[in-house]
Amino acid sequence: MEVVIVDLCDDEDQSMDTSESSRPEVNLELVKFIKRPRNILKIFPNHKRNTVGILEFLTGKKVGEYVNENLRLSGYNLYVENIVKLVTPKTWLPDVVIQNYIFLLVNNCKDTLNICTDTLASFQKDGQKTVVNWLGNNNLLRCQRVVVLINPNKDHWALFVVHTSNGVVYSFDSFNRSHQKEFDLVCDFLNKAFDCISHVTGQTRIINWKINLIECPRQTNQYDCGVFACTNARCYLLGKYFDYSQSDIRLLRQRIAFELINTTIVEDRTSYL
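Keep in mind that this is a model prediction, so the values were computed, not measured. (Residues numbered from 1 in each chain as written. Predicted model: local features only at pLDDT ≥ 70, side-chain atom pairs only at ≥ 80, totals over all residues. Heavy atoms only, no water.)

## Thoughts on the overall build of the protein chain
Tallying secondary structure elements over the protein chain gives nine helices and seven strands in all. Of all 273 residues assigned to the protein chain, the portion counted as buried reaches 53%. The long-range fraction of contacts in the protein chain, counting pairs at least 24 apart against all pairs at least 6 apart in sequence, stands at 65%. In the structure as shown, the protein chain presents an accessible area of about 13300 Å², 46% of it carried by carbon and sulfur atoms. (Helix = DSSP H or I, 4+ residues; strand = E, 2+ residues; numbered from the N terminus. Buried < 20%, exposed > 50% of the residue type's maximum accessible area, 1.4 Å probe, protein only. Contact = heavy atoms within 4.5 Å. Areas by Shrake-Rupley, 256 points an atom, 1.4 Å probe, with all protein chains shown as cover.)

Printed below as a string of structure tokens:
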């Protein structure tokens, strides 16, 4: 059986054979810890111990195994191969990693819902039917915030957080771009959702949606946008300062991996707003 050796801190891009005859195996002797990472105590306390935990989890696992049975987002099964990719530097994060992380965050927040990228794609195709299906699993009336991961032009990850009480859509983008098309789509989705609710309650709700671009840390490459989107979601939803930068990305990748594996949110030392 072919064995793929994965070095979590290798600067070079990694490729993986995900066929049935192959399994990734982390060689603990080859793994190098991030040496004196900047902001280690603030971003990822107990970094060394927790990173060893990641390595122990990955060792001997097959790429097709589920990461955690307690974290099962419908349509976004998270496999071991996704965690390997997450902790490998210079790799683009697939939506399954980001959506599961946002799902984890939302589950740790009150009055917060999530609209997945696949839901928006389905809405563009099926319209009202998608909205009705989403409302069947989400109580919009008891929600104060809706988190929406967006993928403009299918080559970049960014984030909206919608406040349903005042109609403000906060936009977080590591390239500081505005996304009018995606904004219009999300607003159309929510308008139709409130229309559906009004048919039941008899109360019409008209919201004057407006967008607010939030200044957040900038990425300096073309592949770390998913890490920025996850971290921006974490900072905003937990009420923390956006106190990180491109130089912290390796550390953030490992923190996200640890949190997904253990379905927990690490208590970091970033200051609250």
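## What about the sheet that holds strand β4 (residues 145-150)?
Taking strand neighbours across the sheet as the criterion, the five strands line up as β3-β4-β5-β6-β7 in an open arrangement whose pairing is mixed. Only two strands of the sheet have a single neighbouring strand rather than two, namely β3 (112-115) and β7 (210-214). Here the strands of the sheet are splayed against their neighbours by 25° on average, with no regard to which way each runs. Sheet analysis places strand β6 (residues 168-172) next to β7, joined by five bridges and oriented parallel. Along β7, the bridge assignment pairs V168 with K210. (Pairing = 2+ DSSP bridges. Axes fitted to C-alpha atoms, helices over the stretch in contact; angles between N-to-C directions.)

## Topic: helix α8 (residues 225-238)
Given a rise of 1.5 Å per residue, 14 residues ought to cover 20 Å, and the 20 Å separating the end C-alpha atoms of α8 matches this to within 8%. With 13 of 14 residues buried, α8 is to be regarded as a mostly interior element. Where α8 terminates, the next one or two residues include G239, which has phi positive at roughly 70°. (Expected span 1.5 Å × (residues − 1).)

## Quick look at the pairing of β6
On any regular strand, side chains alternate: one points to one face of the sheet, the next to the other face. With five of five residues buried, β6 lies mostly within the body of the structure. Summarising the sheet, strand β5 (residues 158-163) and β6 pair through five bridges and their orientation is antiparallel. Across the sheet, L159 pairs through a bridge with F172, a residue of β6. Taken together, β5 and the strand that follows it, β6, pair antiparallel across an intervening segment of four residues, in which G167 is found at a positive phi of about 75°. A crossover links β6 with its parallel partner β7, the connecting element being helix α7 (residues 180-201), and its sense is right-handed. (Right-handed = clockwise from strand over helix to strand, strands pointing away.)

## Quick look at the nonpolar core
Counting 56 residues, the largest nonpolar core has L78, I83, L86, F172 and L260 as the members making the most contacts within it. Those elements that provide at least two residues to this core are α2 (47-58), α3 (80-87), α4 (95-107), β4, β5, β6, α8 and α9 (249-262). Contact partners of F172, with chain neighbours within four places excluded, come to A158, L159, V161, I214, C216, N232, Y236 and F242. The next biggest cluster of nonpolar side chains, apart from the first, holds 27 residues, and it includes W134, C143, V146 and V186. (Core = buried A, V, L, I, M, F, W, Y, C linked by side-chain atoms within 4.5 Å.)

## Let's talk about helix α6 (residues 128-135)
Owing to its 3.6 residues per turn, the α-helix brings residues three or four apart onto one side. Those residues of α6 not exposed but buried are T130, V131 and W134. Around the axis of α6, the buried residues are gathered within 100° of arc, so they sit on the same side. (Arc of directions from axis to C-beta.)

## What to know about the packing of aromatic side chains
Think of a pair of aromatic rings as described by two things: how far the centres are apart, and how the planes are tilted against each other in angle. This model, assessed by the stated rule, comprises nine aromatic pairs. When the centroid spacing of 5.4 Å and the interplanar angle of 80° are considered together, the rings of W134 and F189 count as edge-to-face. Here W134 is found in helix α6, whereas its partner F189 is found in helix α7, with 55 residues between them in sequence. Accessibility expressed as a relative area gives 0% for F189, which makes it buried. Here F172 and F242 contribute two aromatic rings whose centre-to-centre distance is 5.8 Å and whose plane-to-plane angle is 25°, an arrangement assigned as stacked. Here the residue F172 occupies a position in strand β6, and F242 occupies one in the loop between α8 and α9, the gap between them amounting to 70 residues. Using a relative accessible area of 21% as the deciding quantity, one classes F242 as partly exposed. Positioned above the aromatic ring of F57, the side-chain terminus of K61 is 4.5 Å from the ring centre. (Phe/Tyr/Trp six-rings, centres within 6.5 Å; stacked < 30°, edge-to-face > 60°. Lys NZ or Arg CZ within 6 Å of the ring centre and 35° of its normal.)

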